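Below are the chains, spelled out letter by letter.
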Amino acid sequence: MTPNMLTLVEPLYFVYVKVVRASHLPLNQATYVEVKSGNYKATTKYIQGTLAPIWNQVFAFNKDHLQAKTIEISVRGKVSVTNEIIGSIEVGIGDIPTRLQGDSSLAPQWYGLEDKNGVSGRSGNLMLAIWVGNQVDDAFSLAWHLDAASVSVDKVCNARPQVYYSPRLWYLKIKVNGAQDLVVSDPNRKPEVYVKATLGNKVLKTKVSTNKGVNPSWNEELMFVVAEPFEDALILSVEDDKGDNMVDYLGKCVKPVHKITQRLLPPLPSEEIINLERYGVVEGPMEKFSSKLRVTIYLDGVYHVFDEPALFSTDLKASSPKLTPGKVGDLELGILKAEGLVPMKSKNGLKTTDAYCVAKYGPKWTRTSTVVSSLEPKWMKQYQWDVLDPCTVIAIGVFDNNNLQAGDGWATDRLIGKVIRIRLSTLEFGRIYKYAYPLVALMPDGVKKMGELHFTLRFIYTKGSGDKIYQYTQPMLPKPAYTDPMSVYQIDSLRNQAVRHIAMRLARAEPPLRREVVETMLSGRGPVWSIRRGKANFQRVMECLKFLKTALIWLDDLRQWKNSRTTIVMFAAFSVFVYYSEIIIPSFFAFLFLKALRNYFKRPRDILCLDTNLSQVESVNTLDWQEELDTFPSSAPFEDLRLRYDRLRAIGYRIEETVGDLATQLERFHAIFSWRDRRATLIFTLFCLVAWIVFYLVPFRLLFFLFGTYLMRSPRFRVTLPPIPQNVFRRLPSRDDCLL
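A quick note: this is a predicted structure, and the numbers were derived from the prediction, not measured.

Next up on the list: the sheet that holds strand β16 (residues 246-256). Reading across from one edge, β13-β12-β15-β16 is the order of the 4 strands in this open sheet, with antiparallel pairing throughout. The open sheet has two free edges, formed respectively by β13 (202-205) and β16, since each of these has just one partner strand. Neighbour-to-neighbour, the strand axes of the sheet open up by a mean angle of 20°, direction not taken into account. Both strand β15 (residues 233-243) and β16 contribute to a ladder of 10 bridges, which runs antiparallel.

All right, on to the pattern of salt bridges then. Going through the model one piece at a time under the given rule, you end up with 31 salt bridges. A salt bridge links Arg76 to Glu34, with the nearest nitrogen and oxygen atoms 3.5 Å apart. Taken together, the positions of Arg76 in strand β5 (residues 70-77) and Glu34 in strand β2 (residues 31-37) put the pair 42 residues apart, joining distant regions of the chain. You can call Arg76 buried: its relative accessible area is 15%. Exposure remark for Glu34: the relative accessible area of 10% places this residue in the buried category. Ionic pairing is found between Arg649 and Asp646, a salt bridge with its closest N-O pair at 3.9 Å. A residue pair is termed a helical-turn pair when its members lie 3 or 4 positions apart in one helix, as Arg649 and Asp646 do in helix α10 (residues 638-674) at 3 residues. The class of Asp646 is partly exposed, set by a relative accessible area of 39%. Here the residues in one salt-bridge network are Lys345, Lys347, Asp354 and Asp400, joined through shared partners.

Glancing now at the packing of aromatic side chains. One pass over the structure, following the stated rule, counts 23 aromatic pairs. Ring geometry for Tyr579 and Tyr580: centres 4.9 Å apart, planes at 85°, overall edge-to-face. Ring pairs connect the aromatic residues Phe571, Phe574, Phe700, Phe704 and Phe705, which therefore count as one cluster. Lying across the ring of Tyr579, Arg701 places its NZ or CZ 5.9 Å from the centre. Sitting over the face of the ring of Tyr710, Arg713 holds its NZ or CZ atom 4.0 Å from the ring centroid.

Inspection of the secondary structure puts Arg421 in strand β28 (residues 420-423). One buried charged residue, Arg421, remains without a salt bridge, the closest side chain of opposite sign being Glu308 at 6.1 Å. Within the structure, Arg421 has its side chain in polar contact with the backbone oxygen of Met521 (distance 2.9 Å).

A few words now on a negative patch on the surface. On the surface, Glu656, Glu657, Asp661, Asp736 and Asp737 cluster together into a negatively charged patch. With respect to the element layout, Asp736 can be found in the segment after α13 (724-730). When its relative accessible area of 45% is taken as the criterion, Asp736 is described as partly exposed.

In this section: the packing of helix α3 (residues 488-506) against helix α4 (residues 515-523). Close contact between α3 and α4 brings their axes to 9 Å; oriented N to C, the two are set at 145°. You can see that α3 and α4 cross each other, and the crossing is right-handed. Of the residues in α4, those in contact with Arg495, Val499, Arg500, Ile502, Ala503 and Leu506 of α3 are Arg515, Val518, Glu519, Leu522 and Ser523. Partitioning the contact of α3 with α4 into residue classes produces 6 nonpolar, 1 polar and 4 charged.

Calculation notes
Residues numbered from 1 in each chain as written. Predicted model: local features only at pLDDT ≥ 70, side-chain atom pairs only at ≥ 80, totals over all residues. Heavy atoms only, no water. Pairing = 2+ DSSP bridges. Helix = DSSP H or I, 4+ residues; strand = E, 2+ residues; numbered from the N terminus. Axes fitted to C-alpha atoms, helices over the stretch in contact; angles between N-to-C directions. Salt bridge = Lys/Arg side-chain N within 4 Å of Asp/Glu carboxyl O. Buried < 20%, exposed > 50% of the residue type's maximum accessible area, 1.4 Å probe, protein only. Phe/Tyr/Trp six-rings, centres within 6.5 Å; stacked < 30°, edge-to-face > 60°. Lys NZ or Arg CZ within 6 Å of the ring centre and 35° of its normal. Lys, Arg positive; Asp, Glu negative; His and termini not counted. Polar contact = N/O pair within 3.5 Å; in protein donor to acceptor, adjacent residues only side chain to side chain. Patch = residues over 30% accessible without salt bridge, like charges linked within 9 Å, V, L, I, M, F, W, Y side chains within 5 Å. Areas by Shrake-Rupley, 256 points an atom, 1.4 Å probe, with all protein chains shown as cover. Charge placed at Lys NZ, Arg CZ, Asp CG, Glu CD. Left-handed = near helix turned anticlockwise from the far one by under 90°. Contact = heavy atoms within 4.5 Å. Nonpolar A, V, L, I, M, F, W, Y, C, P; charged D, E, K, R; others polar.

Below, the structure written as structure tokens:
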């Protein structure tokens, strides 16, 4: 698909007016150009001190919204309150040429300005280009859309569409091995030496060396996340902790990050010995400071730097360009429109919303234009990404733009509904999905529908059928993530650094992709307690284990002979399986094959949507919502906090009892072999001896048949008391009596 083709969205046609420059104006004053058609009007910036001003600004009129038949373009001078017209041009909309897809840019041409008497040429000339194009036109992202004429001149860039790319992220690893020949202030004291690494506003420290001397060793690794282009410098300092907040600085070194070795392939760089510098002391000509630091410093590119939760990753490739996997497909997204959006703010006494849509996959971010003052925005924008792994997720979010007016300052753009995440592996290859996805949000009074986002999605797999299967057999992360893994806490801490780097870099763009937007799209869910999510996760586990419960109920019905005919048939089948035991495993896999084949015809056809029942939103009270939506740290009143804490203690007590019961059963199992209860262990030992002899002498097939017969015996031959093994097990000791 070429960038100029629209295959997933409808074309929207615009009248583009490009105001380039003017010449031979009669007056040397502050001039500007006004573009007007019906009720739509906008102006260029003011140019002063020249008879040939240059503007190079583009305006766009939505052709479906135009009611006038002409476009009037006037050059005005700002010499009075009335802004006197120097000259004007009027163009009929029906005479404007249409620029076809694939055509080069339309060449601008000179037009003579008409004065008040309608005479052309006396008031100077104006260079213009006027054409009809659609939303894939080169000028679309640069144009000032007249639907957004109420946006202030200095904030109009915030309403424009844009494509962004996240910076390449690296892990900066500092393996601190040791130091040599340190110079301490008190030779009679054993120094408490540690190494501090500073990068920007992030500081990490090693532990105090256990080797108390002038040649300490640590063998610790410190890690940062850095982003290209590398701007900061790494400062390593060796310090002696004297206690009482007193520190003796023993030396430091500074290494610009862009000069640090990059690890592009698995072999590790070698250790280096760095000469330390004194703090604030200039060495004399005959004096040499000989303290050294033994470290291994490198930018590690063989890992994937997580900037999203692992469950919602849109990218899994390593940082090193040499380890980037090959492309496996194309992802196409068409953002059509939103319907039924709720008002997010009040403007001039009217409740309204200025909505735009953000989509993120891999390092590429896309942002649509902002549709001003509309609860039914229409974007019709199409985007494309290269896919390196089909088991990844695309994220889509709708936001309200609060940075369109000059007096707003840096206001926060608010998320409209939950971020939509769609896993590519659940899509049928080549199929176009056209979907209306509900935008829902958590409110203090419950879940509220904020509108619907209409989009189209298509995933085209460009590899062969064999490559599709091979892709699933490969590890998702680079190989070092498994051979030398990092801890979950370490990954989470470094992910927060990565999010800050991306938010800072994208906020520098024009228009900026704001920090709250980036953090919302990347963070997934925040580190807050939610009893609702706890219930939902428990429900998810129970849903997955439902088949076990069903199987146990069915087996108990057989044992109770509730349907004698079914019980007899199943016992006969059991007897056949015991006699022909070699067909048990093949029959099991045949059953799974037939079940999977049967479920193929019931496979889901639509994109997975939010499930309110699974999310447990119907059974949550007001206090639960207030707790879940509270800030971190909490801003709730003391009484609410005490109520939440008491409830949390009750929940914790139930969890504690469950864990304690599980520990008791496990300790009883270990007590069988420990001879703490000599009689119980003796009984178990004798049972093992008898079982050894019986299983050696009697065929296993016969024993298994007898066990099945005993299990399926008629209820009239049963007693309601617990079986003997259960009685023995429950009498075994645990360590509950040792617990304080």
